[in-house]
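# Structural overview
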Amino acid sequence: MEGTILSLLPPVITIALTIITRRILLSLGVGIIFGALMASNWSVTATVTSIFDIAMSVLGEGNIFLFVLLIGALNTLIYISGGVHAFAEWAIQKVRTPFQAKLATIFLGFLCFFDDAFSCLFRGSLVRPITDKHRISRSKLAYMLHSTSAPVIIMLPISAWAGFIAALIGTILIDNGITQYAPFEAYLLTIPTNYYAMTTILLVIAVAYFKLNIGQMQRDEKRATEEGILFDTSRGAVAGQEESTLPVRADGKLKDLLLPVFTLVTLAIIISAYIGISNIEGQVTPLQILMNTDVIKALVYSAIAAVIVAIIRLLGRKTPVSELTKAVGSGMKAVLPSVTILFMALMTAQIISKLGVGLYLASLIDENMSLAWLPVIFFLISAFMSFSMGSTFGTFGLMLPIGAEIVSIIDVTYLIPVFGAVLAGCIFGEHSSPLSDTTILASIGGGVHTIDHLLTQMPYALISSFVSIVGYVTLGFTKNIYIGLFATLLALGIVIYVLVKTKDKSFESGSAELELEKA
C-alpha cells in the first residue's frame, strides 16, 4: 500500500471524520491507529510498537510543545499582574473602531515575521482583549492571525523560513546542474510568483474593511456583535479561558506586559542569531545565520526568561507564591488540550510520511505533459500533499526537487514559476488542514475551538486558491510572472466586488445601529 493511492486513506479518513464529527482528537486517534495498521501490514503487535516509537520520536522534538506551555504560563502571569488590563485600557483609547482593531491584528503580523508559531500565539494574547471589547468573534480573530502568519513569513527574505528555503534551493540547483540562479536569488524571484500568499494577505484586509463574512463566519460575527458571545459556548471552554477565574492585581501597569514581551522578542532574536553563528563553519553572512539557526529552540529559551521576568515583577509587589504557582499551572492547563491535538497531528504526519503519500502524489506528475500546465499542477499537488500531511516543510523538501528535476530536463525557464507554485500550494494546504500545527496554534491564539476556526477559514482559503489557480494557468500559457500576477489580482478584485455587492445588508444595518448605541 505504501506509495499507492491506498496511502491516502488515513489522511482522508482523519479529515472526513473531523468534518463529520467535529471531534478532532477522536478523528486524529482513528487516523493514527488506521495508518499505523496499514504501515505495519495489519499486525496488531507491530502497530502498537510503531505508535509507541512514533510518539517517542515526536516527544523527542518537543520544543514546540514546551514553547506553547510556556506561552500559556506567560499569558496567565501577565494577566494576573494587571498588565493585560492596563494594555487593554491604553489600546482601547487608541483603537476606537472594530476596523482599527482588525487592522492592528493584521499589522502586528508583519512585525512577528520570524516564526509562525510565535506570530499566532503572541499576537493572539496581545490583541484578544481589544477585539473582545469591539465584539469581534474569536473565529475572525483566529482567521486574521492565521492568514498573516505563514503567508507573511514566506514572503519576507529576513525570516528563518527564507534561510531554510534558500538552503534547500541551493542543494537542488547543484544536484540538477542549474547555474542560471544563485540560491537566494532564486528564492527572491519566487516571491512575486507566490500568488496564494499575496492574495491571502490582500483578502484578509478586504474582509476586515468590507466586513465580508461568509458562511459560519457570518453566524459567528452576528452572534458576537448582537449578543456579545464571542465563540461557540456549546463546545465548552477553549484554550486560554481559565485565566478569567484568577485574581487580577489592581495596580497593574503597561510595563507589566511590555517588559516580559520585550524580553521574549529581544532574546528570541539574539539567541536565534547566536545559534545560527555558532553552527557556521566559515564566512558568517545573514543568509548563513538564517540557514543554520533554530528559531523554536531560541523561542523556548526566551520564553523561559520572559516567564522569570514576569514572576520577578510579581514577587517584587509581594504577590503570594501560591498565586504564582496557581497561575503558572492554570496557564499550562489551559493550553494542554491544544498541545495534545498538536502532538497527535505531528504523529499523524509521521505515519502519513511512512506510508509514502508524498511519493504517490509526486508520481502523478508526468514529464510528458504540456509545460503550460506545470505551475498549476504543482500548486494543486503541493496543496493536497501539505493538506494531507499538515506539513509545509515536508512538502517543500519533496516537491521542490521534483519540480527542478522535471524543468531542468524540459525547459529551465519554468523553474521559478514551479518553485513559486510549490511554495504557494504548501501554504494553502497547511492553511486548510486540521493536521497543521499553525491551524492549532492560530486557534490557541484566537481563543476559539479548532474546528470552528477550520470551518470559518476554509471559504477564504478556497477563494485565494481559486484566484491563484487563475494566475498559474495564465502564467503557464504566457510564461510571464507579472501577467499571471495581474490575472490573479484581477480575479481577486472581481470576487471581492461580488462579495461586497451580495453581502447581508440587514446584518450590516444591525451592526451599525449597535455601534451607534455603544458610542
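Values in this document were obtained by computation on a predicted structure and should not be read as measured data. (Residues numbered from 1 in each chain as written. Predicted model: local features only at pLDDT ≥ 70, side-chain atom pairs only at ≥ 80, totals over all residues. Heavy atoms only, no water.)

For the coordinates displayed, the defined rule picks out ten aromatic pairs. Ring geometry for F99 versus Y209: centroids 5.3 Å apart, planes at 75 degrees, classification edge-to-face. In this pair, F99 sits in helix α6 (residues 98–111) while Y209 sits in helix α12 (residues 195–210), placing the two residues 110 residues apart along the sequence. Judged by its relative accessible area of 26%, F99 falls in the partly exposed class. Look at Y209 and you get exposed, because its relative accessible area is 53%. (Phe/Tyr/Trp six-rings, centres within 6.5 Å; stacked < 30°, edge-to-face > 60°. Helix = DSSP H or I, 4+ residues; strand = E, 2+ residues; numbered from the N terminus. Buried < 20%, exposed > 50% of the residue type's maximum accessible area, 1.4 Å probe, protein only.)

Looking now at a nonpolar patch on the surface. The grouping of F486, L490, I494, Y497 and V498 at the surface amounts to a nonpolar patch, some 540 Å² of accessible area in total. Within the fold, V498 resides in helix α24 (residues 481–502). (Patch = residues over 30% accessible without salt bridge, like charges linked within 9 Å, V, L, I, M, F, W, Y side chains within 5 Å. Areas by Shrake-Rupley, 256 points an atom, 1.4 Å probe, with all protein chains shown as cover. Salt bridge = Lys/Arg side-chain N within 4 Å of Asp/Glu carboxyl O.)

The residue I275 is located in helix α14 (residues 255–278) in this model. For I275, a relative accessible area of 11% translates into the label buried. When residues no more than four places from it in sequence are discounted, the contact partners of I275 are N292, T293, D294, K297 and A298. (Contact = heavy atoms within 4.5 Å.)

Let's shift gears to the environment of A305. You can see A305 is positioned in helix α16 (residues 295–316). Its relative accessible area of 19% is what places A305 among the buried residues. C-alpha separation for the pair A305 and A268, spaced 37 residues apart in sequence, amounts to 10.0 Å.

Within the chain, R135 stands out as a residue other than glycine whose phi angle is a positive 55 degrees. Within the element layout of this structure, R135 appears in the loop between α7 (116–133) and α8 (138–147). Here R135 falls in the partly exposed class, since its relative accessible area comes to 28%. Positive phi, close to 60 degrees, is recorded for K479, a residue that is not glycine. On the secondary structure map, K479 appears in the loop between α23 (450–478) and α24.

Looking now at the packing of helix α11 (residues 183–190) against helix α21 (residues 415–432). The geometry of a pair of packed helices is captured by two quantities: the angle between their axes and the separation between those axes. Two elements in contact, α11 and α21, have axes whose closest approach is 9 Å; the angle formed by their N-to-C orientations is 65 degrees. Classed by the angle they form, the pair α11 and α21 counts as roughly perpendicular. The way α11 lies across α21 gives a crossing that is right-handed. Packed against α11, whose contacting residues are A186, L189 and T190, the element α21 presents I416, F419, G420 and L423 at the interface. The residue inventory of the contact of α11 with α21, partitioned by class, reads five nonpolar, two polar and no charged. (Axes fitted to C-alpha atoms, helices over the stretch in contact; angles between N-to-C directions. Parallel < 35°, antiparallel > 145°, perpendicular 65-115°, else oblique. Left-handed = near helix turned anticlockwise from the far one by under 90°. Nonpolar A, V, L, I, M, F, W, Y, C, P; charged D, E, K, R; others polar.)

Along the chain, the position of Y472 falls in helix α23. Its relative accessible area of 0% is what places Y472 among the buried residues. Spatially, the C-alpha atoms of Y472 and N194 are 9.7 Å apart, while their sequence positions differ by 278 residues. For Y472, the residues in contact, after removing those within four places along its chain, are T193, N194, Y195, Y196, P375, V376, F379, G420, A421 and A424. A polar atom in the side chain of Y472 sits 3.3 Å from the backbone nitrogen of Y195. (Polar contact = N/O pair within 3.5 Å; in protein donor to acceptor, adjacent residues only side chain to side chain.)

This part is about the nonpolar core. Within the largest apolar cluster, 144 residues are counted, with the highest numbers of intra-cluster contacts made by F67, I154, F378 and F396. Among the elements that make up this core, the one with the highest residue count is helix α4 (residues 63–81) (twelve residues). Grouped together as the second largest cluster of nonpolar side chains are six residues, A142, A224, L230 and V238 included. (Core = buried A, V, L, I, M, F, W, Y, C linked by side-chain atoms within 4.5 Å.)

The next point concerns the pattern of salt bridges. The final tally for this structure, using the stated rule, is eight salt bridges. We note a salt bridge from D132 to R138, for which the minimum N-O separation is 2.8 Å. Owing to a relative accessible area of 22%, D132 belongs among the partly exposed residues under this scheme. A salt bridge links R223 to D220, with the nearest nitrogen and oxygen atoms 3.1 Å apart. On the criterion of helical spacing, the pair formed by R223 and D220 is a turn pair, its members being three residues apart in helix α13 (residues 216–227). Under the relative-accessibility criterion, D220 is labelled buried at 4%. Three or more residues are tied together by salt bridges with common partners; here these are R249, D251, D256, R313 and R317.

Taken N-terminus to C-terminus, the directions of α7 and α8 make an angle of 145 degrees; their axes are 10 Å apart at the nearest point. As for how α7 packs across α8, the hand of that crossing is right-handed. Seen from α7, the contacting residues are C120, R123, G124, V127, R128, T131 and D132; seen from α8, they are R138, L141, M144 and L145. Among the residues forming the contact of α7 with α8, the class breakdown is five nonpolar, two polar and four charged.

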